[in-house]
Amino acid sequence: MKFALPSLFIVLLSTSLSAILVPACAQAPNERSLHIKKATGKIVLDGILDEEDWQVAQVAGNFWQQFPYDTSAAVQQSEARMTFDDEFLYVSFVVYQPRKYAVQSLRRDFPQGGGTDLIFINLDTFRDKQNAFHFAVNPYGVQREGLIANGDNITNDWDNKWYTQVTNYDDRWIVESSIPFKTLRYKVTEGTNIWNVNFFRNNLSINERSSWSHMPRGFRGNNIAFTSPLIWDTPPPQPAGNISLIPYASLNSNRDYLNERPGSTRPGIGLDAKIAITTGLNLDLTINPDFAQAEVDRQVTNLSRFELFFPERRQFFLENSDLFAGFGVGGVVSSSTGGSGGGGGGGGNSVVTPFFSRRIGIARDTVSGNNVIIPILGGARLSGKVTNRLRVGLLSMQTAHKEGVQASANYSVLSVQQRVFSRSTIGIIMASKQDFDSKRDQPLFSSGFNRVIGLDYNLASRDGRLNGKIFAHKSFTPQNPDDALAMAALFEYSSPRLSFTAGASRIGSGYNVNQIGFVPRNDIWRSNPQLEYSFFPKNPRFNSIVNSWGFGFDSDIRVQASTGRLTDWDFSPVQFFVRFVDNSLFRFTPLRTDYTYLFDRSFDPSNRGNKPLPRGSEYRYRSTRFSYQSNPAKLFSVILMGRIGEYFNGNITSLSSSWMYRYQPYANLSVDFNYNNINLPEKQGYADTQLILVGPRLDLTFSKSVFLTTVVQYNNQINNINLNTRFQWRFKPVSDFFVVYTDNYFASYPDHPYNLGWMNSKNRALVVKLTYWLNV
């Protein structure tokens, strides 16, 4: 099947280029403003607000409702006030709500997702409406801080000290917080200083979200496009220098039964440092970093022919990661049922990025096929703002030599982003991995390297409705192949009623960033238009139950670039959804059609080593799919996803679910379950397969400083049972004591008749680690 490629890329490119002019003419939302005055007396952090400075501070009240509606005042109101002195920025809230709270846990940096009553402030100190500081508090005084980048993408892995006291009453709860100015990045200008600010509240007791600066429903609460001026009646203090040292000491004991290696115990020490170079630039240093306390990866059932994308979880690489990982095409792992990786053997996931930090310190053993930890000797990261419109990021990491796996290597990446128009940016990225030969008679630099250079344009309209990306990247390797280019033109429009995504991307056959970036497959053209339209019922009998309903379509087309041969496509001509007032959501796809041509290699649809489908064969298969997410505010909630229908030359029945119960605020118990029943023609020699993945998780928060998390994952596709238990004691702000135990077992022992020791363990490890934050 040949696929004609008219000037699709040129059409989409010109469409995106024409959209560049939209930010200049789009109207900003209606703005409020808030004046902030310097405190004349001492602010005592007690959650009472009885100081005179709070009494005279301007009140940011009359919050707008953002969900379930966006045209009226919030039913349960909130008030925010701000003041400051020479050391701290003070923020207070009066949150009107009966003493009935929904709180997931007492753990600091509680997750995003809307399952917790909270109120937060977003501070856009440089007024670019793209980057901001985020500080959130729940009714029990648990804090969450983060950094917002690219308009509305937030990471909670930015840690800093700030202080909060909460007082609870029968009809309200009061928050009083102090944020040290040295934790913020800003510039003091002559004349009037103005920042951007917004306050946002999640109120699960009545399933209401509200915002001080008006924000249409359908947008994330962290969207910086919807902020209003914070006007300083007197200038804030000049930014002070900030140097923090975070030393650690650890003890690591492990044993590898699978490779019959004796147990070993080794101590470790290391140091991280955070240095404020200027008012906008930060320097982070690390020596002998240790990431043993990082959260374990969630396993997935892999039904894809290509590599799956797993997110970075190591804190050093997560802070300001948008400067390095924001190039290329971001995305999530495509899923046939929500718990299975890949689109049923089709195109795989949509992430294409020239720099992927998980390549650093993690390599694959070519003999066993398992991931191997490569020691990181040290590194540095310089990131932040040079001017109000210019951001830079420079990262360099050095890894050690690992015998038989990887030579010593340096990973470096430079990114520069220049803001244009109101919120758009033009960026350049250069990334490199350089191997070093460990042999004395060889030159210092070996022939092993992987490099990439790229140019990105990120479109963001002033009102937040239109976003897009155009990029072109070129890779460099010792083989210097032809067609080493990757390019794309993509854009999306989002409004309360209509959301639309369109674009095209092309990955050349010689584009190779496998050692430093992430590209699941090469030599393809891809286009994946999507559309969704929402209706908001006005009949009182319905709108008291249903917030919105609608329909849409979804498609994804992949063509081999070198031949023009269609290799994969899927198409759902109509998808229905209903979003209820209680935040539950139901989606139904009556018919999805998939097509797969195995152009490059044979493929076992179960990925378990059964008889593969032959290379050169093609398949068209249809299925019905659904998903349901219940109200996350309830103590018991569930997510269900299902699929039934054809699968290559057979059939499949899939069910994925997540069952969650919380004994708030002390315990969260969840169980993830993924089941795939694959039936292929037995008369042709193919085997039926049942793939089961079960992952119970228990998260205990004994207090605001003591936590225990245990995760068990049974995965018969990779014949593994994983146990991970992590104890954390936060004995001082941002200072922790960890005990982490990890064990991996065979799920089916008879297939592996080795002498593996007690309980058929593959390997196990115990780590004890102490970190301490010092402000110099």
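Numbering of residues starts from 1 in every chain and runs along the sequence as written. Totals for whole chains, interfaces and linings use all residues, but because this is a predicted model, local features are given only for residues with pLDDT of at least 70 and pairs of side-chain atoms are given and counted only at 80 or more. Based on all heavy atoms of the structure, the side-chain values leave hydrogens and waters out of the count.

### Regarding a nonpolar patch on the surface
Patch members must show over 30% relative accessible area and no salt bridge, and they are joined within 9 Å when carrying like charges or within 5 Å when they are nonpolar side chains of Val, Leu, Ile, Met, Phe, Trp or Tyr. Here, Shrake-Rupley sampling with a 1.4 Å probe gives the accessible areas, and only protein chains in the shown set may cover a residue. What makes a salt bridge here is a side-chain nitrogen of Lys or Arg within 4 Å of a carboxyl oxygen of Asp or Glu, nothing more. On the surface, a nonpolar cluster with roughly 630 Å² of combined accessible area is contributed by L394, L414, I426, I428, M430, I453, L455 and F476. The helix and strand labels rest on DSSP assignments: H or I over at least four residues marks a helix, E over at least two residues marks a strand, and numbering proceeds from the N terminus. Broken down by secondary-structure element, the contributors of at least two residues to the nonpolar patch are β24 (424–436) and β25 (445–460). Counting residues per element, the nonpolar patch draws most heavily on β24, which supplies 3 residues. Its location among the elements puts M430 in strand β24.

### Some details on the packing of aromatic side chains
Ring pairs are drawn from Phe, Tyr and Trp, using the six-membered ring of Trp, whenever the two centres fall within 6.5 Å, and their geometry is named by plane angle: stacked under 30 degrees, edge-to-face over 60, tilted for the rest. Overall, the coordinates contain 36 aromatic pairs when judged by the stated rule. Note on Y101 and Y140: the rings are 5.9 Å apart at their centroids and 85 degrees apart in plane angle, and the pair reads as edge-to-face. A residue pair is termed long-range when its members are at least 10 positions apart, and Y101 in the loop between β4 (88–96) and β5 (118–124) and Y140 in the loop between β6 (132–137) and β7 (143–149) qualify at 39 residues. Residue burial is assigned from relative accessible area. The probe radius is 1.4 Å, only protein chains are included, and a residue is buried under 20% of its type maximum, exposed over 50%, and partly exposed in between. Residue class for Y101 comes out buried when judged on its relative accessible area of 10%. Through a chain of ring-to-ring contacts, three or more aromatic side chains come together here, namely F84, F181, Y186, W195 and W232. Only lysine NZ and arginine CZ atoms are considered, and such an atom sits over a ring when it is within 6 Å of the ring centre and within 35 degrees of the ring normal. Between the NZ or CZ atom of R314 and the centre of the ring of F291, over which it lies, the distance is 5.4 Å.

### Quick look at the pattern of salt bridges
Summed over all chains, the structure comprises 33 salt bridges. In this structure, E79 engages R81 in a salt bridge whose closest nitrogen and oxygen atoms are separated by 3.3 Å. The closest approach of N and O atoms between R625 and D594, which form a salt bridge, is 3.7 Å. In this pair, R625 is assigned in strand β34 (residues 618–629) and D594 in strand β33 (residues 585–597), connecting sequence segments 31 residues apart. D594 carries the same exposure label as R625, and that label is buried. Linked by salt bridges that have partners in common, D570, R592, D594 and R625 make up one network.

### Quick word on the side chain of S475
Inspection of the secondary structure puts S475 in strand β26 (residues 466–476). Relative accessible area serves as the criterion here: at 5%, S475 is assigned to the buried category. Residue contacts for S475: discarding those within four places in its chain leaves R451, V452, A484, G510, Y511, N512 and V513. By definition, residues are in contact when any of their heavy atoms lie within 4.5 Å.

### What to know about the pairing of strand β12 (residues 208–211)
Strand pairing requires that DSSP identify at least two bridges connecting the strands. For strand β2 (residues 64–67) and β12, the ladder comprises 3 bridges, and the chain directions are antiparallel. Paired with Q65 across the strands is S210, a residue of β12. The sheet contact formed by strand β11 (residues 193–203) and β12 spans 4 bridges and is antiparallel. Following the sheet pairing, N202 is matched in β12 by R209. In sequence, β11 turns back onto β12 through a hairpin of 4 residues, with N207 there showing a positive phi of about 55 degrees.

### Regarding the side chain of D117
Turning to its location among the elements, D117 is positioned in the loop between β4 and β5. By the counting rule applied here, Lys and Arg register as positive and Asp and Glu as negative, while His and the ends of each chain are not counted. Of the side chains with opposite charge, R201 comes closest to the buried, unpaired D117, at an N-O distance of 6.7 Å. Whenever two N or O atoms come within 3.5 Å, that pair is a polar contact, provided that in protein one can donate a hydrogen and the other can accept it, and provided that, for residues adjacent in sequence, both atoms are side-chain atoms. Here L204 takes part through its backbone nitrogen, which lies 2.6 Å from a polar atom of the side chain of D117. With residues up to four places along the chain from it excluded, the contact list for D117 reads Q97, K100, Y101, A102, N138, P139, N202, N203, L204 and S205.

### With respect to the nonpolar core
Grouping buried Ala, Val, Leu, Ile, Met, Phe, Trp, Tyr and Cys residues that are joined through side-chain atoms within 4.5 Å yields what is termed a nonpolar core. Of all hydrophobic cores here, the largest spans 35 residues; its most connected members are M82, L89, L123 and F199. Elements with a minimum of two residues in this core: β1 (34–38), β3 (78–84), β4, β5, β6, β10 (172–180), β11 and β13 (228–232). With 4 residues, the top contributor of residues to this core is β4. What L89 contacts, discounting residues up to four positions off in sequence, is I36, M82, T83, F84, L123, S177, S178, I179, F181, L184, W195 and W232. Membership of the second largest hydrophobic core comes to 27 residues, among which are F324, I360, F471 and L490.

### Concerning the environment of T265
Tracing the chain through its elements places T265 in strand β15 (residues 261–276). For T265, a relative accessible area of 52% gives the class exposed. Sequence-wise, T265 and S253 are 12 residues apart; in three dimensions their C-alpha atoms are separated by 4.2 Å. Among residues more than four places away in sequence, those in contact with T265 are L251, N252 and S253. Within polar-contact distance, the side chain of T265 engages the side chain of S253 at 3.2 Å.

### Thoughts on unusual backbone geometry
A cis amide bond, omega 10 degrees, links F67 with the succeeding residue P68. Here the residue pair Q664 and P665 is connected by a cis peptide bond, since its omega of 0 degrees sits within 30 degrees of zero. Backbone geometry places N288, a non-glycine residue, at a positive phi of 50 degrees. Along the chain, N288 falls in the loop between β16 (281–287) and β17 (301–302). Despite not being glycine, N480 shows a phi value in the positive range, around 50 degrees.

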